[in-house]
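# Topology and contacts: notes
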2 protein chains.
Amino acid sequence: MPAALRSWLDITPDSHFSLANIPFGIITTASNPRPRIATAIGDHAFDLFAFFFLNDYTSSEPDTLDADAATARAHFDIFSSPTLNTFAALGRPVTSAVRRHIQKLFALDTPFGALLRDNDAVRRKTLIPLADVTMHLPFAIGDYTDFYVGLHHATNCGRLMRGPGQELQPNYKHLPVGYHGRASSVVVSGTSITRPSGQVLPAGSATPVFAACGKLDFELELGCFVGTANAMGSPVPLAEAEEHLFGVVLMNDWSARDIQTWEMVPLGPFNAKNFGTSVSAWVVTMDALEPFLVSGLESGRELLSYLKGEKEGRVVDIKLEVDLQSKLDIRES
Amino acid sequence: MPAALRSWLDITPDSHFSLANIPFGIITTASNPRPRIATAIGDHAFDLFAFFFLNDYTSSEPDTLDADAATARAHFDIFSSPTLNTFAALGRPVTSAVRRHIQKLFALDTPFGALLRDNDAVRRKTLIPLADVTMHLPFAIGDYTDFYVGLHHATNCGRLMRGPGQELQPNYKHLPVGYHGRASSVVVSGTSITRPSGQVLPAGSATPVFAACGKLDFELELGCFVGTANAMGSPVPLAEAEEHLFGVVLMNDWSARDIQTWEMVPLGPFNAKNFGTSVSAWVVTMDALEPFLVSGLESGRELLSYLKGEKEGRVVDIKLEVDLQSKLDIRES
């Protein structure tokens, strides 16, 4: 591990929250029910609102603060926000500086020991065991687009729906195929999802029945939050697109497949996806993912020039897994 | 005209804003740039925030106020909201009472003359010529669903796309076919819309090109705002559905037809609709539309029981028209 990523805080080697991560999320606690911004480090949430409120850096001489600390200090009031929207809207130069400053605060050889490491009172008020925090939906979601990625998934789905040789529609390799999901039913992981009822077409029948979904499906996906806006009517050039991305969460795109089959022609999925979409609470920044960005699959198709650029097709090379717990497992546990 | 709908304010017979209407909207003015709730009466906006702020009714004996006035007074601070969301969320019993109270304030034989009609100072501060107000998007839109109504429209579209005999998909007469539009690009009428560029498939070609939309279309639609929420996973019975509706606006569902044709298989319209959706600024309440609700068209199909009820198929019987102004017209005017 690079020295800069070793911490004075005890972080187990298998923790999701090493100094290399520094995700952002929204917490409340029993003693403070006001939603606010925090990061996760080891087994603790670090309450950024409390930290910047308790410690406005006025006790430090300005010339002891580096540029990242100065940037974080300049925006200290943003951490009282009940969502990450305003923080992410500050843009990557600011959010990256805040992340670097947090890394330095927790680094083994931190230059800011007096602010946290060596300050019992501040540590007690800002480092909260993760088991004691309630996590909330990290963003107020203005719109939710579900893209039909990637190539293997689309090929498998197409084979199930249309059979071999017809897997991909003619447009698939030319543009990002997507549609809007229901923004208002995206919920934080752990929120109960109710099995939906709706219209399904029994096999061999031409008349639908109203029934509880019999083919409730899950999809492991990566959800990405766009942090900074563009003016309506002003396209974002591909070379600048990555700068607009704040970070990612794991996402379960719950799907009622029997309802979907009947309802989706010709305008796409609707109620089959509306009943809930789960996202994880901690947003892993694009900064943390930078080492894992690689070139995407070769599609064998020349892209139109507006989709080409230096960062064309950069994708995140991370391995995601699903564990399923059946009802029987739950009874036994 | 019923006596209760005649006003002491001068309202021309062709005004959209008689006492029978009383729509709600969000205004700002040169002298007060803070967005707030108003209604429109004749040629004036009536600044509800200013009215209830200037006049908290404490000068009136409580027993001179009827139930509607008391309800309006109890919620006077809601009119400082920058959108109609919190007002509409109070529910029809409250919003209807506020509307009736406004009707009584402006009635020729108002029982509340001292509050407005006979109070020069309050009238001067609350009645603003419509020409002097700037209108804003009336709601913060959490989700936008575009339903594929009605029968004639769907039949005509189907004939264009699939030819005679194939107009309606098998599901059309069984459920409300709909999909999500982009909530974040719904804008108030008057906002400039930029002609979008995107992928289109030239006739006879298998390879798309990137070009400005050549088939920019408009659709006259009625937009409906859902005012009160239901808990996720708890369906709204049909008999209660109308109570959740706050009101309607005219809507232009701008469409890039050439982009749509290429992109929409299999997941529905996306960029072809994302570039902007225009809605009118004044929300006409369901209360105002109540006299115009009639039974819908007979579909010739038995509905599933969850879609049947006393108010099954009530639709608004109003005539809407589109005037087109060509570039030549604009040059001449």
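It should be noted that the structure appears before, not after, this text.
What counts as what
- Residues numbered from 1 in each chain as written.
- Chains lettered and ligands numbered in written order.
- Predicted model: local features only at pLDDT ≥ 70, side-chain atom pairs only at ≥ 80, totals over all residues.
- Heavy atoms only, no water.
- Helix = DSSP H or I, 4+ residues; strand = E, 2+ residues; numbered from the N terminus.
- Buried < 20%, exposed > 50% of the residue type's maximum accessible area, 1.4 Å probe, protein only.
- Contact = heavy atoms within 4.5 Å.
- Salt bridge = Lys/Arg side-chain N within 4 Å of Asp/Glu carboxyl O.
- Polar contact = N/O pair within 3.5 Å; in protein donor to acceptor, adjacent residues only side chain to side chain.
- Core = buried A, V, L, I, M, F, W, Y, C linked by side-chain atoms within 4.5 Å.
- Phe/Tyr/Trp six-rings, centres within 6.5 Å; stacked < 30°, edge-to-face > 60°.

## Looking at the environment of His136(B)
All names here are of chain B. Here His-136 lies in strand E5 (residues 133-136). Residue classification places His-136 among the partly exposed positions, given a relative accessible area of 26%. Taking C-alpha positions, His-136 is 9.8 Å from Gly-190, a pair spaced 54 residues apart along the chain. Not counting residues up to four positions away in its chain, the partners in contact with His-136 are Ile-26, Ile-27, Thr-28, Val-188 and Ala-281.

## Here's the deal with the side chain of Asp253(B)
The residue Asp253(B) is located in the loop between strand E13 (245-252) and strand E14 (255-256) in this model. Those residues in contact with Asp253(B) that lie beyond four places of it in its chain are Tyr144(B), Asp146(B), Phe218(B), Glu219(B), Glu221(B), Lys273(B) and Thr277(B).

## Overview of the interface of chain A and chain B
Between chain A and chain B, the contact holds 46 residues from the first and 46 residues from the second. Applying the counting criterion to the chain A and chain B interface returns two salt bridges. For Arg182(B), the salt bridge identified is with Asp143(A), shortest N-O distance 3.9 Å. Run the count over chain A and chain B and you get 14 residue pairs in polar contact (both at pLDDT 80 or more). By residue number, the principal contributor to the side of chain A that touches chain B is strand E7 (residues 178-180) of chain A, which donates three residues.

## Looking at the pattern of salt bridges
Residue and element names in this part refer to chain A. Per the stated rule, a full pass over the model turns up 34 salt bridges over all chains. With a shortest N-O distance of 3.9 Å, Glu-321 and Lys-319 are connected by a salt bridge. Like Glu-321, the residue Lys-319 is exposed in the burial classification. Salt bridges sharing common partners tie together Asp-217, Glu-219, Asp-253, Arg-257 and Lys-273.

## Let's talk about the nonpolar core
One finds Phe24(B), Phe79(B), Leu84(B), Phe87(B) and Phe106(B) to be the most contacted residues of the largest nonpolar core, which totals 41 residues. Only strand E1 (24-29), strand E2 (32-41), helix H1 (48-54), helix H2 (67-74), helix H3 (85-89), helix H4 (92-106) and E13 of chain B provide two or more residues apiece to this core. Per-element accounting of this core gives the leading share, five residues, to H4(B). Once residues lying within four places of it in the same chain are set aside, the contact partners of Phe79(B) are Arg36(B), Ile37(B), Leu48(B), Phe49(B), Phe52(B), Ala72(B), Phe87(B) and Val98(B). Ranked by size, the runner-up nonpolar core spans 40 residues in total, among them Leu48(A), Phe79(A), Val122(A) and Val279(A).

## Description of the packing of aromatic side chains
Remark: the centre distance and the inter-plane angle together describe each pair of aromatic rings, the angle taken between the planes. All names here are of chain A. In total, this model carries 32 aromatic pairs over all chains according to the counting rule given. Consider the rings of Phe-46 and Phe-106, whose centres lie 4.9 Å apart with planes at 90°: the pair is edge-to-face. Placement of Phe-46 in strand E3 (residues 44-47) and of Phe-106 in helix H4 (residues 92-106) is noted, with a sequence separation of 60 residues between them. Using a relative accessible area of 0% as the deciding quantity, one classes Phe-46 as buried. Using a relative accessible area of 0% as the deciding quantity, one classes Phe-106 as buried. An aromatic cluster of at least three residues, connected via ring pairs, comprises Trp-8, Phe-24, Phe-46, Phe-51, Phe-52, Phe-79, Phe-87, Phe-106, Phe-139, Phe-225 and Phe-246.

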